[in-house]
Amino acid sequence: MQTTFHRNRFTWLAYLSLAVYGYFLNVLGPITPFLKDELGLTYTASSLHFTAFAVGILLIGGSGHLLIQRIGQRQALWLGLFGISISALLLVMGRNPILTIGACFLMGWIGSLILAIVPAALSDEHGEHKAVALTEANLIASLFATSAPLLVGWFADSIGWRWALGLIASIPLWMFLGLRKNSAPSTRSAAAESITATKALPWLFWIYWIAIVLGVSVEFCMVFWSADYVEQVLGLAKADAARAVSLFLAAMIVGRALGSRLVQRFSTRAVVVVSIAVATIGFLLFWMGPNPFLSLSGLFVNGLGVANLYPLILSLAISAAEGNTVTAGARATLASGTAILTLPLALGWLADAAGIRSAYGVVLILFISIFLVLQLARKVSNR
């Protein structure tokens, strides 16, 4: 049994791959106000960029495990990296919503191979320390994600916001040149893989799957619409509103750094419950704060709590999968796609109908739902 946590060459490749994916996923929120103005879109139409990305995630979540088993984790990982890079360049060149939405679909479709591979591969690689590996992977992804609104804001004030996508699109090439050798993941025997692949995922996994959907919904409702909320409700300029999203993302870095330590001392479930409480308090301050300072402080506190919802609930779900990590990783990707497809779009529709401040009340309902689902999972697990 593994007694110490060791980061090998593949671990770092997996970490950086998830970071690149996280950057492009999180850059969609900060660039939305610019696309909305340039292309003359409504809130609902703007949210179709995230919707298209989410449809791509769903396709991978439903069948990506078949491709991964056919070509192997290593080849599928590089396919995902270069696929998301090329798709980002297509988004940069797009000058009408058909092209930009289509590019987002390709980013979600091909790029989400990364999201399907990394949790399963890290879980197989690190065994009992998978919660640490998954939290660290998401910590590094948060570092990249935090830079997204900053780069959008900086480039928007100078040479154009599209540079925030174009420059990062070159990173997979540098990764390939530096990490392609001796970075294959550890694999189980073909017989073991065949046995687990045919097993149905247990009910406990699917309960956690629902919690993943809810947790990812919260995260991306904040990432995708907080820039618009800050601009419309708090009155900040568009570029400053884009930068404000970095408060949430910076808090996720701090939260995940703390989370990777806490799960080594306390149970994963206990850390998740505390995270829900912190996130809810921060959201209420952000949503109901009487002035911009308190609201933005609440955005930061909210990020501290939201930070560990996805990686730790994912760790619980994979632990409940009874060794079927490849299929569990793909189905967890399906959960993420379901969340990104439905909730940001629903919040955008509500914002068109009732205003973005009223629409944000959906997030409070999500926090309550996550807590209740985790209580159900605890009862099923105890049985």
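Computed from a predicted model, the values in this text were never measured in an experiment.

## Focus on the overall build of the chain
Moving on, step 1. Helix and strand counts for the chain come out as 17 helices and zero strands.
Moving on, step 2. Its C-alpha atoms give the chain principal-axis dimensions of about 60 × 45 × 30 Å.
Moving on, step 3. Taking all 383 residues of the chain together, 58% fall into the buried category.
Moving on, step 4. Once local pairs closer than 6 in sequence are excluded, the contacts in the chain between residues at least 24 apart make up 87%.
Moving on, step 5. Roughly 14600 Å² of accessible area belongs to the chain as shown, and the carbon and sulfur atoms make up 68% of that amount.

## Comments concerning the environment of Ser 63
Moving on, step 1. Locating Ser 63 in the fold gives a position in helix α2 (residues 43-71).
Moving on, step 2. According to the relative accessible area criterion, Ser 63 is partly exposed, its value standing at 38%.
Moving on, step 3. Between the C-alpha atoms of Ser 63 and Thr 327, which are 264 residues apart in sequence, the distance is 9.2 Å.

## A short note on the state of the cysteines
Moving on, step 1. By the definition in use, this model includes zero disulfides.
Moving on, step 2. Of all cysteine sulfurs in the structure, the one in Cys 221 sits closest to Cys 104, which takes part in no disulfide; the separation is 17 Å.

## Here we look at the pattern of salt bridges
Moving on, step 1. Within the structure shown, the criterion is met by two salt bridges.
Moving on, step 2. Glu 38 is the partner of Arg 162 in a salt bridge, and the nearest nitrogen-oxygen pair spans 3.2 Å. Linking Arg 162 in the loop between α6 (130-156) and α7 (163-166) with Glu 38 in helix α1 (residues 9-39), this pair joins segments that are 124 residues apart in sequence.
Moving on, step 3. The salt bridge partner of Arg 256 is Glu 219, with a shortest N-O separation of 3.9 Å. Of the two residues, Arg 256 is situated in helix α11 (residues 238-262) and Glu 219 in helix α10 (residues 203-232); the sequence distance between them amounts to 37 residues.

## Comments concerning the nonpolar core
Moving on, step 1. Membership of the largest hydrophobic core comes to 133 residues, with the highest contact counts inside it found for Phe 24, Ile 31, Tyr 208, Ile 212 and Tyr 360.
Moving on, step 2. The leading source of residues in this core is α10, at 20 residues.
Moving on, step 3. Ignoring any residue separated from it by four or fewer positions in sequence, one finds Ile 31 in contact with Leu 91, Val 152, Trp 161 and Leu 165.

## Considering the packing of α10 against α11
Moving on, step 1. Interaxial distance between α10 and α11 falls to 7 Å at its minimum, and their mutual angle equals 145 degrees. In this structure, α10 meets α11 at a crossing whose hand is right-handed. Listed contacts from α11 to Glu 219, Met 222, Val 223, Ser 226, Ala 227, Val 230 and Glu 231 of α10 are Lys 238, Ala 241, Ala 242, Ala 244, Val 245, Phe 248, Leu 249, Met 252 and Arg 256.
Moving on, step 2. For the contact of α10 with α11, the per-class residue count stands at eleven nonpolar, one polar and four charged.

## Notes on a nonpolar patch on the surface
Moving on, step 1. Together, Ile 86, Leu 89, Leu 90 and Met 93 give the surface a local cluster of nonpolar side chains, amounting to about 380 Å² of exposed area.
Moving on, step 2. The residue Ile 86 is located in helix α3 (residues 73-93) in this model.

## Notes on the packing of aromatic side chains
Moving on, step 1. All told, the structure shown has 16 aromatic pairs when counted by the stated rule.
Moving on, step 2. For the ring pair Trp 78 and Phe 82, a centre distance of 6.3 Å and an interplane angle of 35 degrees mean the geometry is tilted. In this pair, Trp 78 and Phe 82 are both assigned in helix α3, four residues apart and thus about one turn of the helix distant.
Moving on, step 3. Take Trp 78: its relative accessible area is 9%, and that puts it in the buried class.
Moving on, step 4. Judged by relative accessible area, which is 28%, Phe 82 ranks as partly exposed.
Moving on, step 5. Measuring from ring centre to ring centre gives 5.6 Å for Phe 283 and Trp 287, while their planes differ by 20 degrees; the resulting arrangement is stacked. One end of the pair is Phe 283 and the other is Trp 287, both in helix α12 (residues 268-288) and four residues apart, which spans about a single turn.
Moving on, step 6. Ring pairing ties together the aromatic residues Tyr 229, Phe 283, Phe 286, Trp 287, Tyr 360 and Phe 367, which thus form one cluster.

## Examining the environment of Ala 242
Moving on, step 1. Mapped onto the fold, Ala 242 is located in helix α11.
Moving on, step 2. Residues Ala 242 and Val 301, spaced 59 residues apart in sequence, show a C-alpha to C-alpha distance of 18 Å.
Moving on, step 3. Apart from the residues lying within four places of it in its own chain, the contact partners of Ala 242 are Pro 30, Pro 149 and Ala 227.

## Some details on the packing of α2 against helix α4 (residues 97-111)
Moving on, step 1. Close contact between α2 and α4 brings their axes to 7 Å; oriented N to C, the two are set at 30 degrees. As judged from the angle between their axes, α2 and α4 are roughly parallel. Regarding α2 and α4, the two cross each other, and that crossing is right-handed. Two secondary-structure elements touch here, α2 through Leu 48, His 49, Ala 52, Phe 53, Val 55, Gly 56, Ile 57, Leu 59 and Ile 60 and α4 through Thr 100, Ile 101, Cys 104, Phe 105, Met 107, Gly 108 and Trp 109.
Moving on, step 2. Broken down by class, the residue content of the contact of α2 with α4 amounts to twelve nonpolar, four polar and no charged.

Calculation notes
- Residues numbered from 1 in each chain as written.
- Predicted model: local features only at pLDDT ≥ 70, side-chain atom pairs only at ≥ 80, totals over all residues.
- Heavy atoms only, no water.
- Helix = DSSP H or I, 4+ residues; strand = E, 2+ residues; numbered from the N terminus.
- Buried < 20%, exposed > 50% of the residue type's maximum accessible area, 1.4 Å probe, protein only.
- Contact = heavy atoms within 4.5 Å.
- Areas by Shrake-Rupley, 256 points an atom, 1.4 Å probe, with all protein chains shown as cover.
- Disulfide = S-S within 2.5 Å.
- Salt bridge = Lys/Arg side-chain N within 4 Å of Asp/Glu carboxyl O.
- Core = buried A, V, L, I, M, F, W, Y, C linked by side-chain atoms within 4.5 Å.
- Axes fitted to C-alpha atoms, helices over the stretch in contact; angles between N-to-C directions.
- Left-handed = near helix turned anticlockwise from the far one by under 90°.
- Nonpolar A, V, L, I, M, F, W, Y, C, P; charged D, E, K, R; others polar.
- Patch = residues over 30% accessible without salt bridge, like charges linked within 9 Å, V, L, I, M, F, W, Y side chains within 5 Å.
- Phe/Tyr/Trp six-rings, centres within 6.5 Å; stacked < 30°, edge-to-face > 60°.
- Parallel < 35°, antiparallel > 145°, perpendicular 65-115°, else oblique.

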